[in-house]
Each structure stands twice: as C-alpha cells, then as structure tokens.
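Chain by chain, the residues:
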Amino acid sequence: MPEGHTIHRLALDLERDLVGHPVEASSPQGRFPDADRLDGRTLRSTEAIGKHLLLHFGAGRVVHVHLGLFGRFRRHRRPAPPPRDTTRLRLAGPDRTWDLVGPTACEMLTSADLRSLRARIGVDPIARRTSRADLDRTFATLARTRREVGAVLLDQAIFSGIGNVYRAEILFLLGIDPATPARDLSRRDFDAIWRKARELLRLGVVERRIVTVRDAGRRPPRREALHVYKREVCRACTGPISRTTSAGRSLWWCPTCQPPRREPTRS
DNA sequence: AGACGATGCGGAC
DNA sequence: TCCGCCTCGTCTT
C-alpha cells in the first residue's frame, strides 16, 4: 500500500486518534525495545515527510517509521485483539489501538538523525507548501543528471513520496516517455510533473488509495482506477501497454500515448 | 504446505 | 545492478 499518500493519511489518522493523549506503547514482537521509553507518554504531534512517518512524543523522543514494501498499520477499536507475533509496535490510545507490522524502520531518532533525514529528502508533493527556491533547486538537479525521467521520479532525494504506481501514472497522464533524459525536460514539463504529482498524491490522501482515472468526477472501482500500471491495454488508445525496467522496478507505459521525444527543448 | 509477489530501500559489488 | 530484509494474502500443489 505505501506510497506518500499512505503515510500522510496515517499521520492524519494517528493524530486524530492519539495526539494529546497518554499512549500505552509496547513491542509485542520485541524488536523495538525503545517502546518502553514511550509508554505512558503523551503523543504531541505526527508528521509525514515523503514516505517517512514521524511520531513526536516530546522531550526529544521521536519515533521514525518507514513501512517499506510490506509494512502496515492496523487500527483496532476497543477491545483490541491480541497482537500478532509480528507486531513491532502497539500504540493504545483512549479508544483506538494501532498496530505496526513489518516496517523497514521503526526506531528512535536523535535530533542529528532527524536533521539528516530532513536534509536527504526531496520535495514532497503533499507538503502544504514548498518554497520556490526548493523547486528551482530541484529543476536544476534534473538539468544536471544523466538519468531518465522514469528513474528520477522514484528518487526520494529528488521527489519524495512518489512510488512505482504514481510514477507510471504521472508520466502517462503527461504523455512523457519514461526514457526521456531528465535533463531534456523543459521547465514547463517540470512544472507539469510537479502539479500532477500534487494533484494525484493529494487525492490519494483523501481517497485512501491511488486513483488516477476520473470519469466525470466519479470514483472508479478498484480495477478501473489506473491508466497503465500493471495493465495490458491502454485506456486512451486501446493499444498494448509496454513493460520495461527502470530504476530496478517494473514500469508500465503506453508507447503510443508517450512517444519518444524528437528534439529536446529547454526553456 | 509451499511458492510467489508487492505501492521500498540500503548496502555490497 | 543485484541482494537481502520486512510480512502476509493469494495462488498452486
């Protein structure tokens, strides 16, 4: 499930259920022993940065969670079921209990760790506001790289929060061939990518899932929610969808709707 | 029962 | 560029 929209949604849901209350914290699996240091403390705030989730407990206690590919949070009403053997972290608030299973990271961060995390994460399309300077810097980075745009969209140091589904869908919706060298993108292309990423990921936060197809504003069934990702036939031209590997991940795209660029234009 | 894949990432080479 | 890790639902035997 987890691309940036999932993490931002979690930050909001955890905030609603737990912030401002003392929380019972435990690690049933035992692989997050620092849970003891949180037990009984009040959760002050939650924060999502790209695909990273931060839980601020005050007094320098910050929990960093990264779900990776399989990590999940489950929300239980009272009475919560017994935790699974794999439950890394259980957080019990006044009337909801949250269980974290299978994360790549669940750890306490020092303030230095937190600074370096913030420093290595690129612009986040879901963030409330992003400075012009950060966007200019990001565009300048693209102009310098030799990599393809398909690979760049997955690089969390450049854009944070975009994952394998969103990258395929963004490129399709903008008609951009994933193999286009990122340095050949115009500022207009870059701005279009940024706007589309913001639109789609923010919609994902609201919908609690990835939706990129909109039929007259209607909410499509799950199978019909995407344009190219894992599809065989293009929704637009009915031609076959191609599959390639980019940045080590499968990437689906439509060679008709996303034709190769002839001459690069910069602006 | 066992295999397989999945919306991710970091480290080794 | 590949490998290993994290977990579990679904599919195959």
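Residues numbered from 1 in each chain as written. Chains lettered and ligands numbered in written order. Predicted model: local features only at pLDDT ≥ 70, side-chain atom pairs only at ≥ 80, totals over all residues. Heavy atoms only, no water.

1. Quick notes on the overall build of chain A
If you tally the helices and strands in chain A, you get six helices and 10 strands. Its C-alpha radius of gyration of 20 Å places chain A within 12% of the 18 Å reference for a compact globule of 267 residues. Projecting the C-alpha coordinates of chain A onto the three principal axes gives extents of approximately 60 × 40 × 30 Å. Across chain A, contacts joining residues at least 24 apart in sequence account for 61% of those joining residues at least 6 apart. Put simply, chain A has 50 plus and 30 minus side-chain charges, and the middle of one group is 2 Å from the middle of the other. (Helix = DSSP H or I, 4+ residues; strand = E, 2+ residues; numbered from the N terminus. Rg over C-alpha atoms; globule rule 2.2 N^0.38 Å. Contact = heavy atoms within 4.5 Å. Lys, Arg positive; Asp, Glu negative; His and termini not counted. Charge placed at Lys NZ, Arg CZ, Asp CG, Glu CD.)

2. A few points about the protein's contact with DNA strand C
The local shell around DNA strand C consists of Gln29, Arg31, Phe70, Arg74, Arg84, Thr86, Arg88, Val101, Gly102 and Thr104. Close to the protein, within 4 Å, the atoms of DNA strand C are drawn from sugar and phosphate at a rate of 63%. Here a phosphate oxygen of DNA strand C sits 2.7 Å away from a polar atom, N or O, in the side chain of Gln29. Contact between DNA strand C and Arg84: a phosphate oxygen at 3.3 Å from a side-chain N or O atom of the residue. For the surface near DNA strand C, the residue count by class is two nonpolar, four polar and four charged. (Near = heavy atom within 4 Å. Polar contact = N/O pair within 3.5 Å; in protein donor to acceptor, adjacent residues only side chain to side chain. Nonpolar A, V, L, I, M, F, W, Y, C, P; charged D, E, K, R; others polar.)

3. Re the protein's contact with DNA strand B
Near DNA strand B there are 19 residues, and of these Lys51, Phe70, Tyr229, Lys230 and Arg249 occur at the shortest range. In the interface set of DNA strand B, defined as its atoms within 4 Å of the protein, sugar plus phosphate atoms amount to 69%. Between DNA strand B and the protein, one listed contact pairs a sugar or linking oxygen with a side-chain N or O atom of Glu3 at 3.0 Å. In the model, a phosphate oxygen of DNA strand B is placed 3.4 Å from a nitrogen or oxygen of the Asn164 main chain. Residue composition of the surface near DNA strand B, by class: seven nonpolar, seven polar and five charged.

4. Brief notes about the pattern of salt bridges
Tallied over the entire structure, the rule returns 13 salt bridges. In this structure, Arg147 and Asp155 form a salt bridge, with 2.7 Å as the shortest nitrogen-oxygen distance. Asp155 gets classed as partly exposed once you look at its relative accessible area, which sits at 21%. Linking Arg235 and Glu224 is a salt bridge whose minimum nitrogen-to-oxygen distance equals 3.2 Å. (Salt bridge = Lys/Arg side-chain N within 4 Å of Asp/Glu carboxyl O. Buried < 20%, exposed > 50% of the residue type's maximum accessible area, 1.4 Å probe, protein only.)

5. Brief notes about helix α6 (residues 187–207)
With 21 residues, α6 extends 30 Å between its outermost C-alpha atoms, agreeing within 8% with the 30 Å of an ideal straight helix rising 1.5 Å per residue. Looking one or two residues beyond α6, the residue adopting positive phi is Arg208, at roughly 65°. (Expected span 1.5 Å × (residues − 1).)

6. Here we look at the nonpolar core
By size, the foremost hydrophobic cluster in this structure holds 36 residues, and its most contacted members are Leu153, Phe159, Ile162, Ile170 and Ile193. The set of elements that each furnish at least two residues to this core consists of α3 (132–144), α4 (149–152), α5 (164–174), α6 and β10 (249–253). In terms of residues, this core owes the most to one element, α6, which gives seven residues. (Core = buried A, V, L, I, M, F, W, Y, C linked by side-chain atoms within 4.5 Å.)

7. Some words on the domain arrangement of chain A
Size of an interface: often given as the accessible area lost when the parts come together. Looking at the assigned domains, one finds that chain A contains domain 1 (4–120) and domain 2 (132–253). Put simply, the middle of domain 1 and the middle of domain 2, counted by C-alpha atoms, are 29 Å apart. Ranking the residues of domain 1 by area buried against domain 2 places His5, Arg9 and Lys51 at the top, with a combined share of 61%. The interface formed by domain 1 and domain 2 contains one salt bridge. Asp13 is the salt-bridge partner of Arg208, the closest N and O atoms lying 2.8 Å from each other. One can count four residue pairs in polar contact (both at pLDDT 80 or more) joining domain 1 with domain 2. (Domains from an automatic or database assignment. Buried area = accessible area lost by both parts, 1.4 Å probe.)

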